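These are the residues of each chain, in order.
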Amino acid sequence: MQYVENGTVTSHTGIDVSKYQGKIDWEAVSKDGIEYAFIRLGIRGYESGKIVLDEFYESNMKGANSAGVKAGVYFFTQAVTVEEAKEEAEFVVQNLAGYDVACPVVFDVERIPGGKGRADQLTQEQRTDITVAFCDAIRAAGYTPMIYGNVVCFTRLLDMTRLNDYEKWYAFYDDYMYMPYDVSCWQYTEKGNVDGIPNNVDLNISFKMW
């Protein structure tokens, strides 16, 4: 997918990866035209509440940095208080040390399918407070915060009137994209194929580079 204005491609091609992509050949990824990658740094368990580092995070960051693929990271939240959101941000910042992080640090606010997540019962105000707390802590640490979500996240779970100061990454799997808010990045498929990655991978286009 590309975004073209007046015959010129103005979008940038990227991927997002986690342990589910397995061992990645980042040199091959770079040669296949991938400009940037959002790498899963970790998660908070949706039942246990425990914060866990993605087991491929370090190898993916090292591989992307060495291959010249610009890197950002994302964290899957299950915070239920502002204090837990700040704890998640602190964990993320600690694990960014030593890496070149050119792209945003992303807060993934999706709900767990089936209503099993510890954060599923949050009100819109509570979830928005949590999101603001994480993003502000990331910005205070010198990184660019971004919020990842689908149409449910951006229309029902969050109060978007309070989130204008943060970049958005929108998941919408189709051959077009509609979103009434400014979006920096669009995840348009979860079934992409990229050289150097053994499994399917999410593909994104961004409308800017950081």
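Above: the structure in question.
Since we're looking at a predicted model, the values are computed, not measured.

What counts and how
- Residues numbered from 1 in each chain as written.
- Predicted model: local features only at pLDDT ≥ 70, side-chain atom pairs only at ≥ 80, totals over all residues.
- Heavy atoms only, no water.
- Core = buried A, V, L, I, M, F, W, Y, C linked by side-chain atoms within 4.5 Å.
- Buried < 20%, exposed > 50% of the residue type's maximum accessible area, 1.4 Å probe, protein only.
- Contact = heavy atoms within 4.5 Å.
- Helix = DSSP H or I, 4+ residues; strand = E, 2+ residues; numbered from the N terminus.
- Polar contact = N/O pair within 3.5 Å; in protein donor to acceptor, adjacent residues only side chain to side chain.

*Asks:* Could you clarify how one ought to interpret the nonpolar core in this entry?
*Replies:* What tends to happen in soluble globular proteins is that the nonpolar side chains get buried as a cluster. Core analysis: the largest hydrophobic core is formed by 56 residues, its most contacted members being Ile15, Trp26, Ile39 and Val92. Setting aside its immediate chain neighbours within four residues, Ile15 contacts Trp26, Val29, Ile34, Tyr36, Ala37, Phe38, Val194, Ile197, Val201, Asp202, Leu203 and Asn204. Residues Phe38, Cys103, Tyr148 and Cys185 belong to the second largest nonpolar core, which totals 11 residues.

*Asks:* I tried to follow the side chain of Asn95 on my own but got confused; where do I start?
*Replies:* Among the secondary structure elements, Asn95 is positioned in helix α3 (residues 82-96). A polar contact is formed between the side chain of Asn95 and the backbone oxygen of Phe91, at a distance of 2.9 Å. If sequence neighbours within four positions are ignored, Asn95 has contacts with Leu41, Leu53 and Tyr57.

*Asks:* Honestly, the environment of Ala64 in this entry has me stumped. Any pointers?
*Replies:* On the secondary structure map, Ala64 appears in helix α2 (residues 57-67). Sequence spacing of Ala64 and Thr77 is 13 residues, and the spatial spacing of their C-alpha atoms is 24 Å. With residues up to four places along the chain from it excluded, the contact list for Ala64 reads Trp26, Ile39, Val69 and Ala71.

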